[in-house]
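# Chain and residue survey
What follows is each chain in one-letter form.
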Amino acid sequence: MRGVRWLLLKDLQILRRSPLQAVLLVLYPILIAVLVGFAISRGPEDPRVAFLNEVPPDTRISVGGGQLPKANVKDRICHRVECVFVDNREEAEERVESGDVLAALVLPSDLVNKINSLSTLTPGVPEVEVLVNEENAVKAELVDDRITTLLAQANLAIARRIGQEGSRYLDLIVNGGNFDILGQRIHILGMDATAQILIAVTPALPKQLRPSLEEVTKFATQARDNLDVAKPLIARLAQPIAVDKVVVGGASPPLEIFAIAVAATLTLAFVVVLLVAGSLALEREENAFPRLTRGLVSNTGLLAEKILLGIAVGLVVTLLMLIGMRFFVPLELDRIGLWLAAILAGAAALGAAGAALGAAAREVRAVSLLAFMVTLPIAFLSLVPSGAVSPAAFDAIRYLTALFPFKPALQAITAALDEAGPGIGGPLLHLAALFVVYAAIARLALRRFSAV
Amino acid sequence: MPAVEARNVVKRFGSREALRGVSLEAGPGERVAIIGPNGAGKTTLLSILAGIARPDGGQVDSPDGAVGWVPQQAALYRRLTVEENLLLFARLEGHEDPHASTEEMLELTGLRERREEIVARLSGGNQQRINIAIGLLSRPAVLLLDEPSVGLDPRQRSRLWEFVSRLGERGTTVIFSTHDIQEAERYGARLLVLADGEALFDGTPAGLREAVRREAPEAADRDFETAFVAYLHHRGH
């Protein structure tokens with residue numbers, strides 16, 4: 001293995017002599033780190049929506065003769081989107097057409113009256129108007145989703161207010177109390193007090209009247225007890241189906257950690273696969289391969305040197321990237337031992353895969369293109385989540401991505417960065433198995449293609 | 001005792017026979033030229049002598065062991081300097097003092113002044129000199145050169161052959177291939193003529209002239225290259 005050391009030194013000298021390549025190796029991870037850092041440290045911007053409120057200022061939604069408190073629909077909407085207030089419909093249309101805003105939301109002047117008519121014998125259909133420019137299908141879909149969500153939230157808010165008012169009236173009927181209507185205060189006795197009075201007066205009544213009064217008392221007691229049950233029912237009317245999210249599998253780390261792991265693995269994969277495959281092909285391109293393997297270094301030694309080169313450069317570049325990411329996201333430095341284990345195992349398996357590609361090629365350019373064409377789609381496929389495609393397609397993707405070291409490297413780096421995800425042991429074993437397989441393929445390819 | 005010996009060497013690529021029972025023997029310090037048209041089997045024979053390719057039949061022996069090999073295209077790293085290339089191969093050869101070996105080769109190639117130049121910036125002739133020097137780093141008893149003068153201008157050729165001749169004077173057996181008959185006649189003490197994998201002649205340049213005159217008398221008065229082509233034609237190639 002004496003020759004491995006000198007060949008490694010030679011490859012590092014060549015790397016240093018190729019300023020563009022060396023600069024790219026340093027700049028690429030920094031660029032990725034900065035891009036991912038900005039992406040995960042800034043939330044998505046709210047879409048700009050023109051907002052025209054034609055509802056008269058003091059109009060309130062009435063329920064059963066009483067008025068609901070102001071629902072602050074404007075505040076609720078403008079909390080979710082960036083509202084651009086416009087004075088009239090023409091201005092709203094103009095802004096949508098020009099692309100200044102994604103859509104316009106118009107609350108017509110009769111909106112509240114129509115909502116109020118819902119509790120009358122001649123209910124109207126309350127409508128809001130949405131103006132959109134559908135020149136872009138993706139934009140149109142985004143507007144549809146946002147507006148649908150906003151209206152669902154507005155409907156929910158109104159229904160909750162109505163439910164709260166209904167519960168208050170029910171409470172008055174059951175427990176009694178004061179009720180203000182048309183400027184006058186009315187005292188409501190309530191079913192509870194009614195039942196107590198009836199029970200109290202029953203002994204004073206003639207015997208023949210008592211059974212009838214007991215019937216009334218029984219009704220008042222049952223009504224009091226059962227109407228109490230109606231209150232939660234009214235509350236549920238506003239949101240009949242509640243969501244109870246239970247995580248039963250696939251515990252995952254925070255999104256920003258996963259994003260960093262993806263960026264780090266992409267960097268590691270491209271740097272290691274391209275470097276190992278390219279430097280191996282360079283030995284052929286420079287015609288040095290037969291001279292080297294004529295007793296100066298064995299095929300296994302040559303492969304080991306290339307994989308070591310990939311591991312060394314991949315480790316430095318990926319660590320550099322992760323350190324850069326710490327400016328954006330607090331990564332736990334006390335897990336650096338696991339970082340190193342994941343990066344080293346990932347780099348070794350990716351390096352062996354790169355060696356298998358490089359062993360079969362004679363030109364650096366051809367093998368670089370091949371490495372890129374293999375790595376990129378595998379990386380994309382590795383990020384496809386279950387449920388995004390049909391079960392059969394997902395199974396196929398799962399088996400395919402398991403054959404290349406990208407996915408286990410991503411799993412190992414994710415596990416190394418954060419303890420919330422699955423353990424690191426499985427991915428490390430997977431990477432070790434892939435290393436053995438790809439190293440064997442590379443060894444065979446080198447022997448096969450070096451034969452004269 | 002020969003420095004290298006090949007007996008009845010056969011090599012096949014699929015159904016094509018590249019070498020058909022070729023034999024060659026070279027003594028210490030001898031300069032042997034292997035000549036023949038393209039596809040004759042010159043590179044294949046040298047590759048087998050160098051141990052890069054395995055023969056399908058026959059036997060190759062080099063009693064002193066080390067056989068240096070210089071491929072036709074320079075096998076060196078163009079992004080390294082002259083000195084870095086020589087030092088790398090001296091280290092890979094396991095020299096005790098690789099720096100001293102590098103100095104020796106820089107002296108031999110006459111490239112001491114250009115030691116820090118990137119190889120890619122050197123002329124083809126100078127690259128070939130380094131290529132040969134790397135082949136010599138294994139301190140071989142036999143040096144195999146595959147068409148060493150291809151692509152060189154006349155001045156570079158002259159310098160190259162002067163360099164190769166000095167190797168012979170140091171006792172190194174040199175076996176080189178070429179398709180330039182005049183070059184072979186001038187720098188080879190012995191000639192092996194190959195055509196379509198078959199050895200047609202093995203002897204001195206004077207002996208080849210005699211054989212040409214005998215087998216192609218109609219071309220005997222013309223220049224040697226034309227006469228040689230006529231000779232090959234007479235032998236069915």
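Residues numbered from 1 in each chain as written. Chains lettered and ligands numbered in written order. Predicted model: local features only at pLDDT ≥ 70, side-chain atom pairs only at ≥ 80, totals over all residues.

## Re the interface of chain A and chain B
Rules: Note on contacts: residues are paired as contacts if their backbone-placed C-beta atoms lie within 7 Å. A helix here means a DSSP run of H or I that spans at least four residues, while a strand means a run of E at least two residues long, and both kinds are numbered starting from the N terminus. Classes in brief: Ala, Val, Leu, Ile, Met, Phe, Trp, Tyr, Cys and Pro nonpolar; Asp, Glu, Lys and Arg charged; the others, Gly included, polar.
Taken together, the contact pairs 17 residues of chain A with 21 residues of chain B. Where the side of chain A that touches chain B is concerned, the elements lending two or more residues are α1 (2-17) and α10 (288-292) of chain A. If one sorts the elements of the side of chain A that touches chain B by residue count, α1 of chain A sits on top with seven residues. Of the residues assigned to the side of chain A that touches chain B, the class counts are seven nonpolar, four polar and six charged.

## Considering the nonpolar core
Note the threshold: Definition of nonpolar core: a set of buried Ala, Val, Leu, Ile, Met, Phe, Trp, Tyr and Cys residues joined via C-beta atoms within 7 Å. Put simply, a residue is buried when 20 or more other C-beta atoms lie within 10 Å of its own C-beta and exposed when 12 or fewer do; between those, it is partly exposed, and each C-beta is set from the backbone.
Of all hydrophobic cores here, the largest spans 148 residues; its most connected members are Ala349 and Ala352 of chain A together with Leu144 of chain B. It is helix α9 (residues 255-285) of chain A that contributes the most residues to this core, 20 residues altogether. Not counting residues up to four positions away in its chain, the partners in contact with Leu144 of chain B are Leu46, Leu49, Ala50, Val67, Gly68, Trp69, Val70 and Ile175 of chain B. Counting residues in hydrophobic clusters, the runner-up holds 20 residues, among them Val96, Ala103, Leu105 and Leu107 of chain A.

## Concerning the confidence of the model for chain A
As a reminder of what qualifies: Per-residue confidence from the predictor is reported as pLDDT, which spans 0 to 100.
Summing up the model confidence of chain A, the mean pLDDT is 82 and the portion of residues at 70 or higher is 88%. Mean pLDDT values over the elements of chain A span from 60, in strand β3 (residues 66-67) of chain A, up to 94, in helix α12 (residues 336-359) of chain A.

## A closer look at the sheet that holds strand β5 (residues 103-107) of chain A
Residue and element names in this part refer to chain A. We count it as follows: Only strands that DSSP links by at least two bridges are regarded as paired with each other. Every angle, taken between N-to-C directions, lies between 0 and 180 degrees, and every axis is a line fitted to C-alpha atoms, over only the stretch in contact when it is a helix.
Taken in spatial order, the four strands of this open sheet run β4-β1-β5-β6, and their pairing is mixed. A single partner strand is all that each edge strand has here, and the edge strands are β4 (82-85) and β6 (129-132). Looking at each pair of strands side by side, their axes are set apart by 30° on average, direction ignored.

## Side note on helix α3 (residues 98-109) of chain B
All names here are of chain B. Convention followed: For a helix, the expected span equals 1.5 Å multiplied by the number of residues minus one. Throughout, the arc means the angular range of directions from the helix axis out to the C-beta atoms.
Over its twelve residues, α3 runs 16 Å from end to end, which matches the ideal 16 Å to within 8%, given 1.5 Å per residue. Taken together, the buried positions of α3 are occupied by Ser101, Thr102, Met105 and Thr109. Along the long axis of α3, the arc covered by the buried residues comes to 100°, so they all point the same way. Counted as exposed and oriented over 90 degrees from the buried face of α3: Ala100 and Glu107.

## Things to note about the packing of helix α13 (residues 364-382) of chain A against helix α14 (residues 391-402) of chain A
Residue and element names in this part refer to chain A. Quick reminder of the rule: By definition in this entry, angles of less than 35 degrees are roughly parallel, angles greater than 145 are roughly antiparallel, angles of 65 to 115 are roughly perpendicular, and the rest are oblique. It is the rotation of the near helix from the far one that decides the hand of a crossing: anticlockwise by less than a right angle makes it left-handed, clockwise makes it right-handed.
Relative orientation of the contacting elements α13 and α14 amounts to 130°, with a least axis distance of 10 Å. As summarised for this structure, α13 and α14 are arranged oblique, according to the angle between their axes. Between α13 and α14 lies a crossing of left-handed hand. In this structure, α13 contributes Ile378, Leu381 and Ser382 to the contact, and α14 contributes Ile397, Leu400 and Thr401. Class assignment of the residues belonging to the contact of α13 with α14 gives a composition of four nonpolar, two polar and no charged.

## A few points about the packing of α12 of chain A against α13 of chain A
Residues and elements named next belong to chain A. Two elements in contact, α12 and α13, have axes separated by 10 Å at closest approach and are oriented at 135°. Between α12 and α13, the angle falls in the class oblique. Crossing geometry of α12 relative to α13 is assigned as right-handed. Facing α12, whose interface residues are Gly354, Leu357 and Gly358, α13 presents Val367, Leu370, Ala371 and Val374. When grouped by side-chain class, the residues that make up the contact of α12 with α13 number five nonpolar, two polar and no charged.

## Some thoughts on the sheet that holds strand β5 (residues 67-70) of chain B
Residues and elements named next belong to chain B. Here six strands make up an open sheet; going across it, the order is β5-β6-β7-β3-β8-β9 and the pairing mixed. The sheet is open, and its two edges are formed by β5 and β9 (198-203), each paired on a single side. On average, adjacent strands in this sheet sit at an angle of 15° to one another, irrespective of strand direction. The sheet contact formed by β5 and strand β6 (residues 142-146) spans four bridges and is parallel. If you follow Val70 over to β6, its bridge partner there is Leu145. Strands in contact with helix α1 (residues 42-50) are β3 (31-35), β5, β6, β7 (173-178) and β8 (190-195); relative to β6, the strand with the most contacts, it is inclined by about 150°.

## Description of the pairing of β7 of chain B
Strand residues, when the strand is regular, have side chains that alternate between the two faces of the sheet. All names here are of chain B. Condition: Looking down the strands as they point away from the viewer, one classifies a crossover as right-handed if the path from the first strand across the helix to the second runs clockwise.
The buried fraction of β7 is high, at six of six residues. Burial along β7 is two-sided: Thr173, Ile175 and Ser177 facing one way and Val174, Phe176 and Thr178 facing the other are all buried. As defined by bridge partners, β3 adjoins β7 across five bridges and the pair is classed as parallel. Looking across to β7, one finds that Ile35 is bridged to Thr178. Bridge count between β6 and β7: five bridges; the pairing is parallel. Within β7, the residue paired with Asp146 across the bridge is Ser177. One crossover worth recording links β6 to the parallel β7 by way of helix α5 (residues 154-169), and it is right-handed.

## Considerations on α13 of chain A
Residue and element names in this part refer to chain A. Here α13 spans 26 Å end to end across 19 residues, near enough to the 27 Å set by a 1.5 Å rise per residue. Within the span of α13, buried status applies to Val364, Val367, Ala371, Thr375, Ile378 and Ser382. Down the axis of α13, the smallest arc covering the buried residues is 85°, so these residues share one side. Among the exposed residues of α13, those pointing more than 90 degrees away from its buried face are Arg365, Met373 and Phe380. Of the surrounding secondary structure, the elements contacted by the buried residues of α13 are α9, α12, α14 and α15 (406-417).

## Quick word on unusual backbone geometry
Leaving glycine aside, a negative phi is the common case for residues, and trans is the common case for peptide bonds. Positioned with a positive phi, Asn287 of chain A is a non-glycine residue whose angle comes to about 60°. Relative to the assigned elements, Asn287 of chain A resides in the loop between α9 and α10. Phi at Glu147 of chain B takes a positive value of approximately 40°, unusual for a residue other than glycine.

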